[in-house]
Amino acid sequence: MTLNTLLLDAGNTIVYLDHDVVGDIVGLDADGLREAEGVAKRRYEERLQRSRNHEDGWRVFVGGLLESAGATGDIDAQVTRLRAIHDEKNLWRRVPSELPAALQRIRDAGWHVGIVSNSEGRLVEILETVGVLRFFDVVIDSGVVGVSKPDPRIFELALEALGVGPSSAIYAGDVPDVDVVGARAAGMDAVLIDTLDHYPDYVEAPRFQKTATFIDSLL
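Definitions and cut-offs
Residues numbered from 1 in each chain as written. Predicted model: local features only at pLDDT ≥ 70, side-chain atom pairs only at ≥ 80, totals over all residues. Heavy atoms only, no water. Patch = residues over 30% accessible without salt bridge, like charges linked within 9 Å, V, L, I, M, F, W, Y side chains within 5 Å. Areas by Shrake-Rupley, 256 points an atom, 1.4 Å probe, with all protein chains shown as cover. Salt bridge = Lys/Arg side-chain N within 4 Å of Asp/Glu carboxyl O. Helix = DSSP H or I, 4+ residues; strand = E, 2+ residues; numbered from the N terminus. Buried < 20%, exposed > 50% of the residue type's maximum accessible area, 1.4 Å probe, protein only. Contact = heavy atoms within 4.5 Å. Pairing = 2+ DSSP bridges. Right-handed = clockwise from strand over helix to strand, strands pointing away.

A. Inspection of a nonpolar patch on the surface at higher detail. Residues V144, V145 and L157 make up a contiguous nonpolar surface patch of roughly 230 Å² in combined accessible area. Relative to the helices and strands, L157 resides in helix α8 (residues 152-162). In this structure L157 comes out as partly exposed when scored by relative accessible area, which is 31%.

See the structure below:
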């Protein structure tokens, strides 16, 4: 069947962590946080394979990020502080400059476009705030629907909402064992978005540095 549906992760695929803001809050170098993100992602993968609880995964990711970047003192207290700020202002707030135009191109080509994300229940609000909500036909937020990636059911909710089958859809996300594995379990093809080159040896799926580049490869 011909592909006609693009499903995307949100964090680090559409909206990216603002390392500069996090660094200012906790007193760490932003470049060090960027380098540490690969270790944090692997910890997040391991946690979700065991519990599939996004809240636990969030704390594991951020704690691993701080620890790997050289944070000292009470890491858990720093994570709690960052979570409070995230709940108020959202730390995943950067949208790549080239991405809105790419999303418009694929919509203009007649594709369905949606998001499937592990989030905290406020994803629609966040996407509207950063100016990209208009590009998506459906937004599936784990905090709203009560099921998290890599559980295939969360992907199936998006397919059902769009009225398409898995063979007509492709998914892109930034965490291999959460995004690629989960999408494939739901019967879809999948690619990895690896903007900061954290998975240079990954060969289980096509790997793209930019979401916009991947989108244009479909057209």
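Still more to cover.
B. Representation of the pattern of salt bridges within the structure. As enumerated under the stated definition, the model contains 14 salt bridges in all. Residue R207 is joined to D197 by a salt bridge in which the shortest nitrogen-to-oxygen separation is 2.8 Å. One end of the pair, R207, is in strand β8 (residues 207-208); the other, D197, is in the loop between β7 (189-193) and β8, with ten residues separating them in the sequence. Taking the relative accessible area as the measure of exposure, R207 reaches 34% and is therefore partly exposed.

C. Expanded view of the environment of V175. Its place among the elements puts V175 in the loop between β6 (169-173) and α9 (176-185). Considered as a pair, V175 and P100 are 75 residues apart in the sequence and their alpha carbons are 22 Å apart. The contact partners of V175, leaving out residues within four places of it in the chain, are K41, Y44, E45, V180, L192 and Y199.

D. Molecular detail of the pairing of β6. A large share of β6 lies buried, amounting to five of its five residues. Side chains A169, Y171 and G173 of β6 all project onto a buried face; the interleaved residues I170 and A172 project onto the opposite face, where all are buried too. By the bridge criterion, four bridges tie β6 to β7 in an arrangement that is parallel. Residue pairing across strands places G173 opposite L192, the latter belonging to β7. Taken together, β6, α9 and β7 constitute a β-α-β crossover, and its handedness is right-handed.

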